[in-house]
Amino acid sequence: MSFFKKIFSKEKKETLDKGLEKSKDSFFSKLSKAVAGKSKVDDDVLDNLEEVLVSSDVGVNTTLKIIDRIEERVSRDKYLGTEELNKILREEIAGLLSETNVGNETEFTIPENKKPYVLMVVGVNGVGKTTTIGKLASQFKKKGLKVVLGAADTFRAAAIDQLQVWADRVEVPIVRQEMGSDPASVAFDTLQSGINQDADVIIIDTAGRLHNKVNLMNELTKIKRVMQKVVGDAPHDVLLVLDGSTGQNAFEQAKQFTKATEVTSLAVTKLDGTAKGGVVIGISDQFQIPVKYIGVGEGIDDLQVFNKFEFVDSFFR
């Protein structure tokens, strides 16, 4: 299709290709077995394809949507050869992703009319949340934007210290308090500090889970409410970070956090170390939340803006 044109730079594309290599190899080894000995797309091929998609962590609901779309094309075109299946899958999955991921971004940008732009980051411990914040801060800074970080995950001393390490590495200011401090208080101070420093972007880290006495939903709502005392429409984005290598567990995390707060975008990390890259397709579709960033390596520049066409092109190349 015409939209599969090169958008990324050569270097960026190579990083994406490499990051999705395990997912792609696993998927195509399964796909080749699914169509072995078949020349046309028939019921058997579709049944096998359904199994391939589910086992590639695309998710049952999204898999059924993709199968339905391919069945429509089979009935419309009367005859589809199995050699065309790769191309059809590319087109249908790109179409599915386009329903949620409407933009065609390739660069780290923020809306020009939001200053400071307040980004609240949520997700369970261990998914790469702090690393994602550090890499985002680095990318925004490279764009010439002034960034301030807020360490509002005050339930773990390690979380505060990890964010401090990233702030030092990227050379951006951080607002922090002692472990056990009120997270909303840290968020409030961060926004005030950001405004005083004429910041373009303020990124607030939050706790992955809280002690039993404190409900996660209540805590995130309180942080939002307190931030709005400083910046009326904050946060402008609530970014949920998910570990792509956990496959179906990432679906469960997305389910819990979308119940706890209004999530407006997703970052899927650790795709380079797993064959579960299909989870990006399923989560975006099932929760109808755009994937904004993907992590395809450990390097500071290996967090990429998610582009649906480049992703599908790398997955099916």
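None of these values were measured; they are calculated from a predicted model.

J.: A description of the pairing of strand S6 (residues 265-269) should follow, citing residues and the corresponding values.
T.: By the criterion of burial, S6 is predominantly enclosed, with 5 of the 5 residues buried. Of the two faces of S6, the one holding Ser265, Ala267 and Thr269 and the one holding Leu266 and Val268 are both buried throughout. Two strands pair when backbone bridges link them, and strand S5 (residues 237-243) and S6 are joined in this way by 5 bridges, in the parallel orientation. Counterpart to Val241 in the pairing with S6 is Ala267. The parallel pair S5 and S6, bridged by helix H10 (residues 248-260), forms a crossover whose chirality is right-handed. Judged from the 3 bridges that link them, S6 and strand S7 (residues 291-295) form a sheet pairing that is parallel. Looking at S7, one finds that Val268 is bridged to Ile294. Each parallel crossover has a hand, and the one from S6 via helix H11 (residues 279-287) to S7 is right-handed.

J.: Before we move on, could you go through the environment of Leu266 and cite the residues and values that matter?
T.: Within the secondary structure layout, Leu266 lies in strand S6. Separated by 25 residues in the primary sequence, Leu266 and Val241 have C-alpha atoms spaced 5.9 Å apart. Leave out the neighbours within four places in its chain, and Leu266 touches Leu239, Leu240, Leu242, Ile283, Ile289, Pro290, Val291, Lys292 and Tyr293.

J.: Now, about the sheet that holds strand S3 (residues 174-175): what can you tell me, with residues and values included?
T.: In spatial order, the strands read S3-S2-S4-S1-S5-S6-S7-S8; together these 8 strands make up an open sheet with mixed pairing. On the outer flanks of this sheet lie S3 and strand S8 (303-305), each paired with one strand and no other. Here S7 runs beside S8; their pairing, made up of 3 bridges, is antiparallel. Within S8, the position partnered with Tyr293 by the bridge is Val305.

J.: Talk me through the layout of surface pockets; I want residue IDs and the actual numbers.
T.: One number sums up the size of the largest pocket: a volume of about 430 Å³. Lining the largest pocket are 24 residues; nearest its centre among them are Gly103, Glu105, Val291, Lys292 and Val305. Of the residues forming the lining of the largest pocket, the biggest block, 3 residues, is contributed by S7. Here the lining of the largest pocket is composed, by residue class, of 10 nonpolar, 9 polar and 5 charged. Of the volumes computed, that of the second largest pocket is approximately 310 Å³.

So, how was this worked out
Residues numbered from 1 in each chain as written. Predicted model: local features only at pLDDT ≥ 70, side-chain atom pairs only at ≥ 80, totals over all residues. Heavy atoms only, no water. Buried < 20%, exposed > 50% of the residue type's maximum accessible area, 1.4 Å probe, protein only. Helix = DSSP H or I, 4+ residues; strand = E, 2+ residues; numbered from the N terminus. Pairing = 2+ DSSP bridges. Right-handed = clockwise from strand over helix to strand, strands pointing away. Contact = heavy atoms within 4.5 Å. 1 Å grid on protein atoms, 1.4 Å probe; cavity = no way out; pocket = protein on both sides within 12 Å on 5 of 7 lines; lining within 4 Å. Points joined across faces, edges and corners; volume = space filled by probe spheres on them. Nonpolar A, V, L, I, M, F, W, Y, C, P; charged D, E, K, R; others polar.

This is a description of form; function is not addressed.
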